[in-house]
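Spelled out from the first residue to the last, the chains are:
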Amino acid sequence: MTSDGANILGRGVVSARTAADVRAVYDQLVRDGTVTPVKQFGRFSLETRRVFLATALALNDADLAGNLPPGTGIIHTSADGALADNLAYFNDYLRGGRKLARANLFIYTLPTSPLGEAAIHFNLNGPLYHITGSEVNNRELILTEACSLIDQGDAPLMLAVISAPAETTCLVTGGSDSLTQDNHTGGW
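Residues numbered from 1 in each chain as written. Predicted model: local features only at pLDDT ≥ 70, side-chain atom pairs only at ≥ 80, totals over all residues. Heavy atoms only, no water.

Caption draft 1: Expanded view of the environment of alanine 146. One can find alanine 146 in helix α6 (residues 138-151). Take alanine 146: its relative accessible area is 0%, and that puts it in the buried class. Linking alanine 146 and alanine 6, residues 140 residues apart in sequence, is a C-alpha distance of 8.6 Å. In contact with alanine 146, not counting residues within four places along its chain, are Ile75, Met158, Ala160 and Thr173. (Helix = DSSP H or I, 4+ residues; strand = E, 2+ residues; numbered from the N terminus. Buried < 20%, exposed > 50% of the residue type's maximum accessible area, 1.4 Å probe, protein only. Contact = heavy atoms within 4.5 Å.)

Laid out in structure tokens, this is it:
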């Protein structure tokens with residue numbers, strides 16, 4: 001159990017910063033069998049790729065890949081929401097002469113888009129939402145929220161995703177009433 005009372009069942013961390021680095025992690029995880037290939041992975045925004053990979057690593061670390069209970073949810077926090085993806089879309093619009101921007105950039109302008117992609121691939125059908133908050137308190141905030149959803153009976157398990165400029169972390173939590181220690185270190 002962590003100092004904030006969360007029962008961490010699995011952890012996935014992606015520290016790759018560039019698209020090429022994230023792609024290298026993805027390719028390795030596909031080769032290892034940790035992730036099944038995703039046809040549209042190349043179209044995901046950089047943040048969506050990181051959330052996807054951190055989720056895959058966390059589920060693998062918790063030995064829950066492909067075996068999640070119905071109602072498992074995912075929540076996400078970051079300091080800036082989808083700002084980077086909004087800027088990419090707007091800059092593409094400017095390059096297009098203010099007439100057109102690519103639709104595949106538009107779909108990631110919502111901060112919940114990365115969660116939607118993870119939910120589709122990993123069959124997460126419980127609570128799903130994004131919380132924008134300061135980087136200092138993101139871990140405590142997101143774990144408190146995840147544990148609250150479990151403890152209130154809204155989900156059997158929750159994935160709590162924390163995005164920062166240097167890394168994206170996904171924690172699989174089973175609530176706040178277990179004695180399991182947070183000793184998981186899965187990451188790239």
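So that's the structure; there's more coming.
Caption draft 2: Region of the structure containing the packing of helix α2 (residues 46-61) against helix α5 (residues 113-122). Two elements in contact, α2 and α5, have axes whose closest approach is 8 Å; the angle formed by their N-to-C orientations is 40°. Taken together, the axes of α2 and α5 lie oblique to each other. Relative to α5, α2 is oriented so that their crossing is right-handed. Contacts from Glu47, Thr48, Val51, Phe52, Thr55, Ala56 and Leu59 of α2 reach α5 at Pro114, Leu115, Glu117, Ala118, His121 and Phe122. Tallied by class, residues from the contact of α2 with α5 come to eight nonpolar, three polar and two charged. (Axes fitted to C-alpha atoms, helices over the stretch in contact; angles between N-to-C directions. Parallel < 35°, antiparallel > 145°, perpendicular 65-115°, else oblique. Left-handed = near helix turned anticlockwise from the far one by under 90°. Nonpolar A, V, L, I, M, F, W, Y, C, P; charged D, E, K, R; others polar.)

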